Amino acid sequence: MAVLKVKFTKTRRDKLAQILWILNWFSVVSGIILFSLGLFLKIEIKKRNEVMAKGDINSVPNMLISVGVIACIINFLGGKICYDCSDANKFSRWKLVMLPYIVCTFCFTFCILVGALMCYTMRNELEESLYLGLRDAIKFYKDTDIPGRCFLKKTVDLLQIGFRCCGNNGFRDWFEIQWVSLRYLNMASKEVLDRLKSNIDGKFLVDGVPFSCCNPSSPRPCIQYQLTNNSAHYNYDFLTEELNIWMKGCREALLDYYTGIMRSIGIAALLIWLFELSVLIGVRYLQTAMKNVLLLGDLEGESDGWLLENSFVETAKYNINIIKNLGKANQISTVSSMNDPNIDVQNTDCGKTNVTTKSIPAAR
């Protein structure tokens with residue numbers, strides 16, 4: 001029994017073909033939108049590439065870009081097919097193409113769904129990439145004279161100012177690394193030498209942060225050095241007073257920023273998937289209705305259209321049997337070949353010696 005069978009008159013078939021032709025052009029636009037969203041996300045990731053570790057974070061934008069390009073091609077072809085399906089004579093040329101086209105389009109719409117879901121599952125990979133990338137960027141913040149690292153100070157400063165953040169997890173991350181370059185340290189100062197010797201790794205560690213961590217909205221001047229020393233500042237208590245530096249870590253700030261972008265892209269991709277799926281259902285109805293018209297032979301009469309010719313269970317069993325028999329296509333059955341009348345095999349036994357032969361008469 002057919003699933004969701006609908007009866008179509010010639011007028012309804014023509015209107016369906018015209019509507020689907022228009023919707024396919026909207027689908028081309030949706031493909032452009034997917035391509036644009038993927039390109040936008042790729043550019044945004046590229047902007048902060050210096051503070052991200054290498055990983056699979058580009059898989060989502062690459063997926064969206066690829067799906068967007070394929071959407072434009074498939075829907076452009078679908079528009080041409082639907083336009084010709086308004087005429088039964090023109091449909092004949094697409095008769096053998098439509099079913100493979102519907103199958104390919106179904107796989108394509110599934111890829112859109114996968115891309116939309118990947119936008120929501122990318123958070124863990126992105127968080128790990130940001131954690132490792134920011135850790136290395138902060139570690140090499142002081143290396144302003146080393147090629148390949150001299151840009152990291154400017155990158156981190158602009159990042160902390162733009163996203164109103166400080167450090168990787170928080171401002172205390174700067175306490176654990178030497179972020180002041182050696183060229184700016186007075187090696188003749190006893191205080192500097194004592195601080196270098198007090199650390200097992202010989203690093204100049206201070207309870208201070210770079211200027212880019214300062215909050216310009218704070219009413220008092222920025223306190224960026226000796227943050228944990230109450231006696232170093234007038235009327236100051238670092239445990240109770242709200243510090244005038246950014247409290248949020250840059251990893252959290254960037255993660256919130258990219259999560260918001262991917263959430264919006266995921267919603268847009270889901271809406272496009274639903275739209276593409278509805279267009280695909282309409283194309284399936286048009287294909288089955290036009291196919292039945294040709295079978296009936298009455299181009300002006302009514303015809304049935306459906307999603308599946310048989311029930312879901314029967315269709316599933318049929319496809320499973322096809323998959324099971326794929327590997328048996330090149331196998332030759334011995335039993336069937338023995339019973340096949342078209343195969344003429346003569347049984348010979350070259351090992352027998354008791355073969356009777358005619359006697360040759362002796363010459364007289």
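Structure shown above.
Just so we're clear, the structure is a prediction, and the values are computed from it rather than from any experiment. (Residues numbered from 1 in each chain as written. Predicted model: local features only at pLDDT ≥ 70, side-chain atom pairs only at ≥ 80, totals over all residues. Heavy atoms only, no water.)

Peer 1: Talk me through the packing of helix H1 (residues 10-47) against helix H2 (residues 59-84); I want residue IDs and the actual numbers.
Peer 2: The N-to-C vectors of H1 and H2 enclose an angle of 165°; their axes lie 7 Å apart at closest approach. Here H1 lies roughly antiparallel to H2, going by the angle between them. When the axes of H1 and H2 are compared, the crossing they make is left-handed. Class assignment for the residues of the contact of H1 with H2 results in 22 nonpolar, 9 polar and 1 charged. (Axes fitted to C-alpha atoms, helices over the stretch in contact; angles between N-to-C directions. Helix = DSSP H or I, 4+ residues; strand = E, 2+ residues; numbered from the N terminus. Parallel < 35°, antiparallel > 145°, perpendicular 65-115°, else oblique. Left-handed = near helix turned anticlockwise from the far one by under 90°. Nonpolar A, V, L, I, M, F, W, Y, C, P; charged D, E, K, R; others polar.)

Peer 1: For the state of the cysteines, give the residues involved together with the corresponding values.
Peer 2: Applying the stated rule across the entire model yields 3 disulfides. Note that cysteine 214 is cross-linked by a disulfide to cysteine 222, the S-S spacing being 1.8 Å. With the S-S bond torsion at -75°, the cross-link from cysteine 214 to cysteine 222 turns out left-handed. For cysteine 214, a relative accessible area of 16% puts it in the buried group. Cysteine 222 sits in the partly exposed class, given a relative accessible area of 33%. Cysteines bonded in the protein are numbered consecutively along the chain; their disulfide partners then correspond to 1-6, 2-3, 4-5. You can see cysteine 104 has no disulfide; the closest cysteine sulfur is in cysteine 107, sitting 6.5 Å from it. Accessibility expressed as a relative area gives 48% for cysteine 104, which makes it partly exposed. (Disulfide = S-S within 2.5 Å. Buried < 20%, exposed > 50% of the residue type's maximum accessible area, 1.4 Å probe, protein only.)

Peer 1: Lay out empty space enclosed by the protein in plain terms, naming residues and giving numbers.
Peer 2: On inspection of all chains with the given rule, the structure shows 1 cavity of 30 Å³ or more. Put simply, the largest cavity is a space of about 50 Å³. If you trace the largest cavity, you find it lined by Asn24, Asn75, Tyr101, Thr105, Glu276, Val279, Leu280 and Val283. Broken down by secondary-structure element, the contributors of at least two residues to the lining of the largest cavity are helix H3 (88-121) and helix H7 (250-296). (1 Å grid on protein atoms, 1.4 Å probe; cavity = no way out; pocket = protein on both sides within 12 Å on 5 of 7 lines; lining within 4 Å. Points joined across faces, edges and corners; volume = space filled by probe spheres on them.)

Peer 1: Account for the nonpolar core, with residues named and values stated.
Peer 2: Grouped together as the largest cluster of nonpolar side chains are 77 residues, with contacts concentrated most on Trp174 and Val209. Within the residue set of this core, elements represented by two or more residues are H1, H2, H3, helix H4 (123-139), helix H5 (152-163), helix H6 (190-198) and H7. Considering every element that reaches this core, the biggest residue donor is H7, with 17 residues. Of the residues that make up this core, three or more belong to each of domain 1 (3-138 + 252-316) and domain 2 (177-247). Excluding residues within four positions of it along the chain, valine 209 makes contact with Cys166, Phe171, Trp174, Phe175, Trp179, Gln224, Leu227 and Ile245. (Core = buried A, V, L, I, M, F, W, Y, C linked by side-chain atoms within 4.5 Å. Domains from an automatic or database assignment. Contact = heavy atoms within 4.5 Å.)

Peer 1: Describe the packing of H5 against H7, with residues and values.
Peer 2: Here H5 crosses H7 at 65°, and the two axes come no closer than 10 Å. Between H5 and H7 lies a crossing of left-handed hand. Every residue of H7 that contacts H5 at Leu159, Gln160 and Phe163 is listed here: Cys250, Ala253, Leu254 and Tyr257. Its residues placed into classes, the contact of H5 with H7 shows 6 nonpolar, 1 polar and no charged.

Peer 1: Account for the packing of aromatic side chains, naming residues and giving values.
Peer 2: All told, the structure shown has 8 aromatic pairs when counted by the stated rule. Between tryptophan 174 and tryptophan 179 the ring centres are 6.2 Å apart and the planes differ by 75°, which places this aromatic pair in the edge-to-face class. In this pair, the class of tryptophan 174 matches that of tryptophan 179, namely buried. Aromatic pair tyrosine 257 and tyrosine 258: ring centres 5.3 Å apart, planes at 70°, arrangement edge-to-face. Looking at tyrosine 257, the relative accessible area reads 28%, which means it is partly exposed. Of the residues examined, tyrosine 258 reaches a relative accessible area of 1% and is grouped as buried. Chaining the aromatic ring pairs together yields one cluster made of Tyr141, Trp174, Trp179 and Tyr225. Arginine 149 extends its terminal NZ or CZ atom over the ring of phenylalanine 140, reaching a point 3.8 Å from the ring centre. (Phe/Tyr/Trp six-rings, centres within 6.5 Å; stacked < 30°, edge-to-face > 60°. Lys NZ or Arg CZ within 6 Å of the ring centre and 35° of its normal.)

Peer 1: Quick one: what's the story with the environment of asparagine 230, residue by residue and with numbers?
Peer 2: Following the sequence through the fold, asparagine 230 ends up in the loop between H6 and H7. Among all residues touching asparagine 230, those that are not within four sequence positions of it are Tyr236, Asp237 and Phe238.

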